[in-house]
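# Tertiary structure, described
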Amino acid sequence: MTALAWLIPAALVLGLLGLAAFLWALNSGQFEDLEGASWRAIQDSDAPDASPAADSDDTARNAK
Amino acid sequence: MDKALTSNLSIVAERESVPAPSHVAPSLKTVTLIVDNMRCGGCMSAVEKALLAAPGVQSARANLSAKRVTARYDADATEPENLAAALEGAGFNAAEAMHTRDNTQAREASDLLRRMGVAGFAAANVMLLSVSVWAGLASDMDASAQALFHWLSALIALPAIAYAGQPFFRSAAGAIRAARLNMDVPISLGIILASGMSLFQTMRGGDQVYFDAAIMLTFFLLIGRYLDESVRVRARGAAENLLGLKALSATVIGADRRPRRIPARALSPGVRVLVAAGERIPVDGRIENGASEIEESLINGETLPRLVQVGADVHAGTVNITAPIEVTATAIDEHTLIAEIARLMQAAEQDRGRYVRLADRAAQVYAPAVHLLGALTFTGWMIAGAGWETALTYAIAVLIITCPCALALAVPAVQVAATGRLFAKGVIVKAPDALERIAETDTVVLDKTGTLTIGEPQLIAPEKICAAILAQAASIAAHSRHPYAKAIVRAAGAMGLTPRWQDAVREVTGAGLVAETPQGEERLGSAAWVGADAEDGDQTATLWYRKGEAVPTPFHFADALRSDARSVVGDLQNAGYVVELLSGDRPRAVARAAAAAGVQEWRAGVRPDGKIGRLKDVSASGHKALMVGDGLNDAPALAAGHASLSPAGAVDICQTAADAIFQGERLLPVLETLKVARAARQMSLQNFAIALGYNALCVPLAMAGYVTPLIAALAMSASSIAVTGNALRLRTRRLALQPLRSTERHA
């Protein structure tokens, strides 16, 4: 029974972490272009300005 | 983030806050461009590279799903027009996206997704606890551990339901306030009762704890809602892209006579606009300078150009053919055709608002039935002497088990599958209840020009004309943008003739072309211009060509049907649909098109109010019409029909009014839409049957008091999965247009 005392909180914390990660991804616009994202993963970007990090920030700002 | 960009942005932010001298500070702006032929990852990076290579562009980010690219640019160095031109140089169709519509729908979809995430998290954790409890029933879990698990479930489920269930609660409250019943009423009641009773049972240490069922129900229904909404957002984005690509830019002449290009939607009344030959007129207005011919097929279905002079009114969307004109933009005048159409549309749309969706009709029968069963269970157990607490518990169990998870998913799941299938075929379904209404139609009313036909004239029987004459005529015709001249050039090209370039060709507005050659004068134009006797009564659809004093050669034109018009009309008629042609064009042209397409019933010279009148007659005789049209004169009829379709080439107002838009040169999508819509209705009904079958099984159990939380959870998931699985079949099933049933068929 004592195992429950830490197992249950651990399960909940892990679940909440997953939820937080999902909400973060949603807010930073990562679900806005699911088709494009699958292509970007296999592209070698030589244009630094088009790096996803720089622009996802832009998208997030535009969304607000 | 890239370091250089960061510092750059922060500088901009500082400068924007301080009003600095504008010629030093780069004023960064954001623009969204539609790129409709961006189809793969390669195109995506090509689009981004092309934009970054253009001067003044700071960053560019393409969105492949939306077929749009967002760019930040320096407004002092460049403007959106240049960016679109840069993309066009790289081989993409680009246009600035309109920001007129609010994006509440997109925000709603991401709001649903957020609630879905929360509900999913809670459902997983509550399920974890519930499975332990169910396992504990079989082994030796003691009451205190069970109570702990129940309390934990309550702690997770109640806040999650309070947050994630809001869309249902709000919708149910709205329906009740309006004294209606929709599917959200039994859903909300089920969720709230399940949570309330579970909390009560938890406090008393009982077994009837349904937190898992309540949160899972919320989760499943949110998935359905979200998919439905995201399909709609996507369709809407695609529809806006179509309109955005058609949006025009205008050459404005300022007070200093210097021309400037601006987007047409930025035009205001009183502005003077220059329209070059061959350009679409961007605005309603009056001609100030010049004379030309205007092609108005989008306005009135007439393929023949109209001769206009100074003082004539012209409409936005029509094409200026022969000579450049200057137009002063006018405000919408109460007496114009456009104003009349706007009035008719408003009236027609008010009539349509009465349609009640299939799911809501089901809810109107279902909700009272379920509540009656609950009441019966309560009174039954009271009479049997079970005590009010047991009776109430069983009654609530009935309400929980009948809570229409499968029933509420039955229609949305099918809608998502059907809309997705049509989207892949180039049909954009815009209205949420469009498929249901399309499935009910039994009469197809077609417009002629641009709908049944391609909308541009074709040379009839070019092979019967001497090749040398055709080639010569084509070499003169190449100088004109008149639709007939273009048809001659196309026909000559199709026959492998190459027109040689001819100098000294003049175009006389309203008459024809003349070329001075050493061998004499060559003329191409109307009978009077060429000097031929028009023994043919239908001389308007004919051009004549004469070289020197030789006998003139006639060229006859007709608006060609879409390539599969005849077979589509045939298939529709075989399936029992009545097909009608309703056109604003001249009787001769309509009769010819009707005969060629195999349509028996046609009406010509019909004005917009006449089209509405005809549709009213159809509905008065107990039939339901699917209106297919593309012209401005069809717009009120599109709003008045039981359902409506519009080709992608249609005027804006039609695309907005139509329930669905189809793309491509062929008419086949109309058939496909009918097929899918009717299959969707059939599968929605199947899904209702599955859901009711499950209820027929579970309700007696619940009324008898045998339902446990475990049975409730299993039944709910199984029925939801069955219904969704059935709906998914629609994505790949082969469909044939089934004949209308005899009750629907015309006598």
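Residues numbered from 1 in each chain as written. Chains lettered and ligands numbered in written order. Predicted model: local features only at pLDDT ≥ 70, side-chain atom pairs only at ≥ 80, totals over all residues.

### Section: the overall build of chain A
Of the regular secondary structure elements, chain A holds three helices and zero strands. Each helix and strand of chain A, placed in order from N terminus to C terminus, yields the pattern α-α-α. Burial analysis of chain A (64 residues in total) assigns 9% to the buried set. (Helix = DSSP H or I, 4+ residues; strand = E, 2+ residues; numbered from the N terminus. Buried ≥ 20, exposed ≤ 12 C-beta atoms within 10 Å, placed from the backbone.)

### So, the overall build of chain B
Regarding its fold elements, chain B presents 25 helices and 26 strands. The principal-axis extent of the C-alpha atoms belonging to chain B is close to 110 × 75 × 50 Å. In chain B, which comprises 747 residues, the proportion classed as buried is 47%. The contacts of chain B with a sequence gap of at least 6 include a subset with a gap of at least 24, amounting to 69%. (Contact = placed C-beta atoms within 7 Å.)

### Overview of the packing of helix α11 (residues 358-383) of chain B against helix α12 (residues 388-401) of chain B
Residues and elements named next belong to chain B. Contact geometry of α11 with α12 gives a least axis separation of 8 Å together with a crossing angle of 160 degrees. Taken together, the axes of α11 and α12 are roughly antiparallel relative to one another. Crossing of α11 over α12 shows right-handed handedness. Residues V370, L373, G374, T377, F378, W381 and M382 of α11 form the contact with α12, whose own contacting residues are W388, T390, A391, L392, Y394, A395, V398 and L399. (Axes fitted to C-alpha atoms, helices over the stretch in contact; angles between N-to-C directions. Parallel < 35°, antiparallel > 145°, perpendicular 65-115°, else oblique. Left-handed = near helix turned anticlockwise from the far one by under 90°.)

### Observations concerning the sheet that holds strand β26 (residues 660-662) of chain B
All names here are of chain B. The seven strands are arranged β14-β26-β25-β24-β15-β22-β23 in an open sheet whose pairing can be described as mixed. Unpaired on one side and paired on the other, β14 (427-429) and β23 (601-603) mark the two borders of the sheet. Geometrically, the sheet is characterised by an average inter-axis angle of 20 degrees between neighbouring strands, direction not taken into account. In this sheet, strand β25 (residues 643-647) lies alongside strand β24 (residues 625-628) in parallel orientation, the contact comprising three bridges. Looking across to β25, one finds that V628 is bridged to L645. Across the face of the sheet, helix α8 (residues 211-246) comes into contact with β14 and β26 while running at roughly 120 degrees to β14. Along the sheet, helix α24 (residues 668-704) makes contact with β14, β24, β25 and β26, crossing β26 at roughly 140 degrees. (Pairing = 2+ DSSP bridges.)

### Things to note about the pairing of strand β15 (residues 443-446) of chain B
All names here are of chain B. Alternating positions in β15 separate into two faces, T443 and V445 on one and V444 and L446 on the other, with burial throughout. With four bridges joining them, β15 and strand β22 (residues 578-582) adopt parallel strand pairing. Within the sheet, the bridge partner assigned to L446 lies in β22 and is L581. One ladder, built from four bridges, connects β15 with β24; its direction is parallel. Pairing of L446 across the sheet is with V628, part of β24.

### Here we look at the packing of helix α5 (residues 143-164) of chain B against α8(B)
All names here are of chain B. Packing of α5 against α8 brings their axes to within 10 Å, and their N-to-C directions diverge by 30 degrees. Taken as a pair, α5 and α8 cross one another with a handedness that is left-handed. Along its contact with α5, which presents S153, A154, A157, A160, I161 and A164, the element α8 presents F211, A214, I215, T218 and L222. Of the residues contributing to the contact of α5 with α8, the split by class is nine nonpolar, two polar and no charged. (Nonpolar A, V, L, I, M, F, W, Y, C, P; charged D, E, K, R; others polar.)

### Observations regarding the sheet that holds strand β4 (residues 94-96) of chain B
Hydrogen bonds between backbone groups are what pair the strands of a sheet, and the pairing can be parallel or antiparallel. All names here are of chain B. In spatial order, the strands read β2-β3-β1-β4; together these four strands make up an open sheet with antiparallel pairing. Every other strand in the sheet has two partners, leaving β2 (57-63) and β4 as the edge strands with one partner each. Across the sheet, the mean angle separating the axes of adjacent strands is 25 degrees when strand polarity is ignored. Bridge count for strand β1 (residues 28-35) against β4 is three bridges, and the pairing is antiparallel. Residue V35 lies in a different strand from β4, and its bridge partner there is A94. Packing against the sheet, helix α2 (residues 41-53) makes contact with β1, β2 and β3 (68-74), and its axis sits at approximately 165 degrees to β2.

### Remarks on helix α13 (residues 405-424) of chain B
Residue and element names in this part refer to chain B. Between its first and last C-alpha, α13 extends 29 Å over 20 residues, near the 28 Å set by a 1.5 Å rise per residue. The element α13 is largely enclosed, with a buried count of 17 among its 20 residues. In the stretch just after α13, G426 is the one whose phi turns positive, near 85 degrees. (Expected span 1.5 Å × (residues − 1).)

### Some points on helix α25 (residues 709-728) of chain B
All names here are of chain B. Look at α25: 29 Å from first C-alpha to last across 20 residues, which is about the 28 Å you get at 1.5 Å a residue. Among the residues of α25, those classed as buried are P709, A712, A715, M716, S719, S720, V723, T724 and A727. Angularly, the buried residues of α25 cover 150 degrees about the axis, an arc narrow enough to put them on a single face. What points out from α25, more than 90 degrees from its buried face, is the exposed set A718 and G725. The inward-facing, buried residues of α25 contact α8, α12, α13 and α24. (Arc of directions from axis to C-beta.)

### What about the pairing of β24(B)?
Burial of β24(B) is two-sided: the residues A625(B) and M627(B) facing one way and the residues L626(B) and V628(B) facing the other way are all buried. One crossover worth recording links β24(B) to the parallel β25(B) by way of helix α22 (residues 635-640) of chain B, and it is right-handed. (Right-handed = clockwise from strand over helix to strand, strands pointing away.)

### Observations regarding unusual backbone geometry
Residue and element names in this part refer to chain B. The phi angle at K67 is positive, at roughly 55 degrees, despite the residue not being glycine. The residue K67 is located in the loop between β2 and β3 in this model. Take K67: there are 25 C-beta atoms within 10 Å of it, and that puts it in the buried class. Of note, the phi angle at A179 is positive, near 55 degrees, even though the residue is not glycine. With respect to the secondary-structure elements, A179 resides in the loop between α6 (166-177) and α7 (184-204).

### Let's talk about the environment of Q346(B)
Residue and element names in this part refer to chain B. Residue placement: Q346 occurs in helix α10 (residues 337-352). The exposure class assigned to Q346 is exposed, which follows from the 11 C-beta atoms found within 10 Å. Here the alpha-carbon distance between Q346 and E389, two residues 43 residues apart in the chain, equals 56 Å.

### A few points about the environment of D44(A)
Within the secondary structure, D44(A) sits in the loop between α2 (34-40) and α3 (52-63). Sequence spacing of D44(A) and D33(A) is eleven residues, and the spatial spacing of their C-alpha atoms is 18 Å.

### Regarding the confidence of the model for chain B
All names here are of chain B. Averaged over all residues, the pLDDT of chain B equals 83, while 92% of them reach at least 70. This stretch, residues 1-22, has a pLDDT under 50; its non-local contacts, to residues over four places away or in other chains, come to 17 contacts. Of the two predicted TM-score estimates for the complex, the pTM is 0.80 and the ipTM is 0.73. (pLDDT = per-residue confidence, 0-100.)

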